Amino acid sequence: MNTIAETNPTALNVFSHVSEGDTPFESGGLRDFFLYRDLGIAAATGGQVIAQLVKANMAPETGTGWHRHEANFHIVIMLKGWARFMYEDQVTLVKTGDCVHQRPGIVHFLFDYSPDMEYLEIVSPADFTTIDMPAPCAVPAPTPWA
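Rules of the game
- Residues numbered from 1 in each chain as written.
- Predicted model: local features only at pLDDT ≥ 70, side-chain atom pairs only at ≥ 80, totals over all residues.
- Heavy atoms only, no water.
- Salt bridge = Lys/Arg side-chain N within 4 Å of Asp/Glu carboxyl O.
- Helix = DSSP H or I, 4+ residues; strand = E, 2+ residues; numbered from the N terminus.
- Core = buried A, V, L, I, M, F, W, Y, C linked by side-chain atoms within 4.5 Å.
- Buried < 20%, exposed > 50% of the residue type's maximum accessible area, 1.4 Å probe, protein only.
- Contact = heavy atoms within 4.5 Å.

**With respect to the pattern of salt bridges**
Tallying each qualifying case throughout the model produces 5 salt bridges. Between R103 and E88 there is a salt bridge, with its nearest N and O atoms 2.5 Å apart. Of this pair, R103 sits in the loop between strand 9 (99-101) and strand 10 (108-113) while E88 is found in the loop between strand 7 (82-87) and strand 8 (90-95), placing the two residues 15 residues apart along the sequence.

See the structure below:
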């Protein structure tokens, strides 16, 4: 991973190039049943934006729970597989090639996904927060993995 921000952490909006082998998928992100791969954008933008790859690591059992994010901008682009979300009271299937803009404050729940699910998540700011929310409706059961 090459960024100017590595040598000058106060630099904003610097060039960054992260190759496939530069950053591994790791646990320890927001959800323990996903793996995350940092794409270097938070460092390159001085924390203004984060871009990360997220992929399934375990079968969906409890999902993310109802929550919202305190963020100005949040998109999910499905690269492989599929995921089912509840956005407020609506089931939304997000499949390969789809892009979802999660408007600020939308209450949602990712409850089901395929074993090969992988998506690109871009959020601003990089240190966005997640707040648990009461359930606005029931959530369907996830699809068992074979």
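**A few points about the nonpolar core**
Counting 17 residues, the largest nonpolar core has F34, Y113, M117 and Y119 as the members making the most contacts within it. Where this core is concerned, the elements lending two or more residues are strand 3 (34-38), strand 4 (50-56), strand 6 (73-80), strand 7 and strand 10. Of the residues forming this core, the biggest block, 3 residues, is contributed by strand 7. The residues contacting Y113, other than those within four sequence positions of it, are F33, F34, A56, M58, A59, P60, W82, A83 and W145.

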